[in-house]
Amino acid sequence: PGGCPDLCECSEPARTVKCVNRNLTAVPPDLPLYVRSLFITGNPLTHLPAGAFAVQRLPDLSALNLSGNHLQAVEAGALALPALRQLDLSGNALISLSPQAFGEGGSPLEELALRGALRDNGVLLSLAALLQSGALRNLSRLDLADNGLLVLPAGMFTALPALRQLDLSNNSLVGLQNVSFQGLSQLQSLNLSNNSLAVLWNSTLAQFRSLSTLRHIDLGHNTWVCDCPIEDLVAWLKESDQVEGKEALTCAYPDKMLGKTLLKINSLDLNCSVPIDLPSQLQTSYVFLGIVLALIGAIFLLVLYLNRKGIKKWMHNIRDACRDHMEGYHYRYEINADPRLTNLSSNSDV
């Protein structure tokens with residue numbers, strides 16, 4: 001106890017241990033008791049099994065940096081450290097992340113960095129399950145930048161009531177329709193820059209408006225499509241003070257709007273005379289069709305009512321004609337059925 005592992009550098013006054021670029025394939029087992037900040041970076045460390053850190057020997061470890069290794073798998077219980085507040089797993093190529101990586105109970109973790117570590121979709125789903133489980137309810141900062149994310153799992157952030165900073169920059173996000181920010185009542189900063197967002201819909205904008213603590217939103221360097229659906233976003237930008245650098249947001253499509261500032265767009269530029277929302281348009285068409293059919297039915301009934309006497313006379317005439325016709329058929333049938341009349345008819349010269 002109190003010693004320093006081979007290939008590591010230790011500072012007891014700073015309570016820090018650094019094992020940087022030392023070709024380590026496992027966590028050193030003989031870490032000093034005093035360590036609060038541990039850096040194990042730039043090593044060929046690929047696997048973090050349960051019990052990788054001797055919990056009983058690390059009661060005060062609060063900051064753990066495992067960035068820039070070759071980590072692929074983090075097993076259940078591997079990060080169950082009682083005092084852990086900060087964890088950096090950035091720059092790894094994670095393939096497997098156990099939803100129980102922080103143990104069965106809750107973790108005191110406050111800051112989690114996964115920059116460039118979620119290139120595998122399965123790991124993203126495992127992270128979502130971990131966050132939704134409530135194991136990281138104390139998390140205040142989450143960094144998911146540089147992961148090439150296209151979409152986020154639904155409800156991914158609903159169990160993070162203490163989250164204040166969320167970084168989703170430098171991904172490939174194309175939309176936020178399935179992302180709920182409702183549970184993030186403490187959220188202060190949201191970074192969505194350098195993605196592929198074409199528009200933000202009213203449902204998302206309404207969530208932003210409802211978060212009174214959210215004062216810093218970065219939407220820079222996205223591929224905004226400046227046609228009719230962007231009207232709501234433009235109106236929100238003009239009235240909101242939540243977006244940083246909104247004056248620099250410009251259109252990427254169509255070509256005629258390329259480079260135009262979003263804040264300077266008006267309805268004439270968008271030419272929204274034709275509705276774009278097809279479901280709404282179809283619904284309106286069905287309502288109009290129903291009204292037209294109802295009017296036609298009412299007019300038909302009115303015509304019948306106004307001509308009820310003529311229709312009644314016409315019906316009587318048809319009835320009399322049918323009766324005369326049927327009596328003629330009946331008379332012929334009686335003649336054909338009577339054998340005397342049949343013989344008379346056959347012997348007669350008439």
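Residues numbered from 1 in each chain as written. Predicted model: local features only at pLDDT ≥ 70, side-chain atom pairs only at ≥ 80, totals over all residues. Heavy atoms only, no water.

### Some details on the environment of valine 74
Mapped onto the secondary structure, valine 74 falls in strand β6 (residues 73-74). Here the alpha-carbon distance between valine 74 and glutamine 100, two residues 26 residues apart in the chain, equals 9.5 Å. With residues near it in sequence (within four places) discarded, valine 74 still touches Leu48, Leu79, Leu94, Ser96, Leu97, Ser98 and Ala101. (Helix = DSSP H or I, 4+ residues; strand = E, 2+ residues; numbered from the N terminus. Contact = heavy atoms within 4.5 Å.)

### Section: the sheet that holds strand β3 (residues 37-41)
Pairing is mixed in the open sheet, where 11 strands are placed in the order β1-β2-β3-β5-β7-β9-β10-β11-β12-β13-β15. The sheet is open, and its two edges are formed by β1 (9-11) and β15 (243-244), each paired on a single side. Alignment of strand β5 (residues 63-65) against strand β7 (residues 86-88), held across three bridges, turns out to be parallel. Residue pairing in the sheet places alanine 63 in a bridge with glutamine 86 of β7. (Pairing = 2+ DSSP bridges.)

### Some details on the pattern of salt bridges
A full pass over the atoms with the stated rule returns nine salt bridges. A salt bridge links glutamate 110 to arginine 85, with the nearest nitrogen and oxygen atoms 3.7 Å apart. Taken as a pair, glutamate 110 in the loop between β8 (96-97) and β9 (111-113) and arginine 85 in the loop between β6 and β7 lie far apart in primary sequence, 25 residues in all. On the accessibility criterion, arginine 85 (32% relative accessible area) is partly exposed. Between glutamate 239 and arginine 209 there is a salt bridge; the shortest N-O distance is 3.1 Å. Note that glutamate 239 is positioned in helix α3 (residues 231-239) and arginine 209 in helix α2 (residues 202-210), a separation of 30 residues in sequence. (Salt bridge = Lys/Arg side-chain N within 4 Å of Asp/Glu carboxyl O. Buried < 20%, exposed > 50% of the residue type's maximum accessible area, 1.4 Å probe, protein only.)

### Regarding α2
What α2 keeps buried is the set Thr204, Leu205, Gln207 and Phe208. Buried residues of α2, seen end-on, are gathered within an arc of 155° and therefore sit on one face of the element. Each element contacted by the buried residues of α2 is listed here: β12 (189-191), β13 (216-218) and α3. (Arc of directions from axis to C-beta.)

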